[in-house]
Amino acid sequence: MFIYNAWYVAAFAADIEPGKTLGRKYLNKAVVLFRTESGEIAALEDRCSHRAMPLSSGHVDGDVIRCCYHGVEFDGKGTCTRIPNQARIPVAANVRHYPVVEKDHLIWIWMGEPALADPSVIVDSPEHNDPKWSWRPYNFPVKANWQLIIDNIMDLTHVPYIHARTIGGNPEQHYNADTKVEFDGRKVTLLRKMPNSIPPKSYIDAGGFKGRVDRWQEVRFEPGIGMTCRVNAGGCEVDTGAYEGKRDNGFMLANNHFITPETETTSHYLWTICTTAPKESGVPDVLFDQFFDTITEDEETLEAQQRRIDDEPERAFVGIASDGAVNQARRLLSAMQEAEDGGKVAA
């Protein structure tokens, strides 16, 4: 299933170089992204209306993109502005454009009904602009359905097993964590506390901890303001107020997981890892490298799942106790799809 009336991250802003094109597929639709001479980002269907040549193979010239096949030109709204050696331009020559917004070093795209696209609701990523934070972007093409990625983030009990070498920690501590799931009809929030925990390797490297820590993980999923899971995590020395909001004595992580379907079985998994660890310490770079390994482990896991699902697509999952947040997230997405189906939203 796809949800069209939602904001998705199409690319990082740095991916869209002036004068260059970027062709990608979102929700089974081929799209070309480009930056005009005035600096605006445009997103059009990646198909010339003349002979179906991908516009991503064309050329950006000022504020238009020119098809490389016969030189037909389109502006950032998909309007055909020129057909060589032809004065009359038929309306049918126009191509579809998609609303896009550049915000917090991200390019957001709306694949649904343009009239419903409201840029003002898009979730903030303040860490990308705050000098107290260091961050690094990554883009993983994952051969797995996009909902599996959301499931993976909303159930962090997999962490000690899949990520034993990096951010894992003790399995019993994860399963015995003080866990709370909140659902208000618009967002799912997963709150986990792991007091008096043995810190994993990445936490020791980042926080310089010598003993046990009070550890937390907070995940927020509100697809109505962007298809992303925002994860706030970190650790402080035991009994120093981590659960009362006093976290300056430890270190904090902000993981922004942006999930964008490519096809039914492939996804764009864009994410940023952000930390308050001092830049001059060198810790952020070490931490970023470790988290690259962490997401690589997730990628391998998700793709292995998808292969088995493809073997028996009709076979259902069996639920377990840790599925609470996953189930609520799936419930929320199903409600969004039903609302679209009721309004007869077309792909």
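Provided above is the structure to which this section pertains.
Predicted model, so just to flag it, every value in this text is computed and none were measured.

Concerning the overall build of the chain
Here is step 1: Looking only at helices and strands, one finds six helices and 17 strands in the chain.
Here is step 2: Its C-alpha atoms give the chain a radius of gyration of 22 Å, within 12% of the compact-globule value 20 Å for 347 residues.
Here is step 3: Counting over 347 residues, the chain shows a buried share of 49%.
Here is step 4: By sequence separation, contacts in the chain at least 24 residues apart represent 60% of the contacts at least 6 residues apart.
Here is step 5: Approximately 16200 Å² of the chain is accessible, and the part contributed by carbon and sulfur atoms is 49%.
Here is step 6: Across the chain, the mean location of the 37 positive side-chain charges is 2 Å away from that of the 50 negative side-chain charges.

Quick look at the sheet that holds strand β2 (residues 21-26)
Backbone-to-backbone hydrogen bonds join strands into a sheet, with any given pair of strands oriented parallel or antiparallel.
Here is step 1: Spatial ordering of the open sheet is given by β2-β3-β4, a layout of three strands whose pairing is antiparallel. The open sheet is flanked by β2 and β4 (41-45), the only strands paired with a single partner. Averaged over all pairs of adjacent strands, the angle between strand axes in this sheet comes to 30°, irrespective of strand direction.
Here is step 2: Relative to strand β3 (residues 29-35), β2 runs antiparallel, the two sharing six bridges. Bridged to threonine 21 within β3 is phenylalanine 34.

Side note on the packing of aromatic side chains
Here is step 1: Taken as a whole, this structure holds seven aromatic pairs when the rule is applied.
Here is step 2: Between the aromatic rings of tyrosine 138 and phenylalanine 292, the centroid separation amounts to 5.4 Å while the plane-to-plane angle is 50°, which identifies the pairing as tilted. Residue tyrosine 138 is located in strand β11 (residues 134-142), and its partner phenylalanine 292 is located in helix α5 (residues 283-311); the two are separated by 154 residues in the primary sequence.
Here is step 3: Taking the ring centre of tryptophan 216 as reference, the NZ or CZ of arginine 247 above it sits at 3.9 Å.

Quick word on the pattern of salt bridges
Here is step 1: Counted under the stated rule, the structure contains 18 salt bridges.
Here is step 2: Where arginine 330 meets aspartate 151, a salt bridge forms, and the shortest distance between an N and an O atom there is 2.6 Å. With a gap of 179 residues between them, arginine 330 in helix α6 (residues 324-342) and aspartate 151 in helix α1 (residues 146-154) connect regions that are remote in the sequence.
Here is step 3: For arginine 330, a relative accessible area of 27% translates into the label partly exposed.
Here is step 4: The exposure class assigned to aspartate 151 is buried, which follows from its relative accessible area of 14%.
Here is step 5: A salt bridge links arginine 308 to aspartate 311; its shortest N-O distance comes to 3.0 Å.

Quick notes on the side chain of histidine 268
Here is step 1: Along the chain, histidine 268 turns up in strand β17 (residues 267-275).
Here is step 2: Of note is the side chain of histidine 268, whose polar atom sits 2.8 Å from the backbone oxygen of lysine 25.
Here is step 3: Residues in contact with histidine 268, not counting those within four places in the same chain, are Arg24, Lys25, Tyr26, Phe140, Phe258, Ile259, Thr260, Pro261 and Glu262.

Points about α1
Here is step 1: The buried fraction of α1 amounts to nine of the nine residues, a majority that puts the element mostly inside the structure.
Here is step 2: Looking only at α1, the buried set comprises Trp146, Gln147, Leu148, Ile149, Ile150, Asp151, Asn152, Ile153 and Met154.
Here is step 3: Between the side-chain oxygen of the N-cap and the backbone nitrogen of glutamine 147 there are 2.8 Å, and the N-cap of α1 in question is asparagine 145.

About the thresholds
- Residues numbered from 1 in each chain as written.
- Predicted model: local features only at pLDDT ≥ 70, side-chain atom pairs only at ≥ 80, totals over all residues.
- Heavy atoms only, no water.
- Helix = DSSP H or I, 4+ residues; strand = E, 2+ residues; numbered from the N terminus.
- Rg over C-alpha atoms; globule rule 2.2 N^0.38 Å.
- Buried < 20%, exposed > 50% of the residue type's maximum accessible area, 1.4 Å probe, protein only.
- Contact = heavy atoms within 4.5 Å.
- Areas by Shrake-Rupley, 256 points an atom, 1.4 Å probe, with all protein chains shown as cover.
- Lys, Arg positive; Asp, Glu negative; His and termini not counted.
- Charge placed at Lys NZ, Arg CZ, Asp CG, Glu CD.
- Pairing = 2+ DSSP bridges.
- Axes fitted to C-alpha atoms, helices over the stretch in contact; angles between N-to-C directions.
- Phe/Tyr/Trp six-rings, centres within 6.5 Å; stacked < 30°, edge-to-face > 60°.
- Lys NZ or Arg CZ within 6 Å of the ring centre and 35° of its normal.
- Salt bridge = Lys/Arg side-chain N within 4 Å of Asp/Glu carboxyl O.
- Polar contact = N/O pair within 3.5 Å; in protein donor to acceptor, adjacent residues only side chain to side chain.

Coordinates in, geometry out; function isn't part of it.
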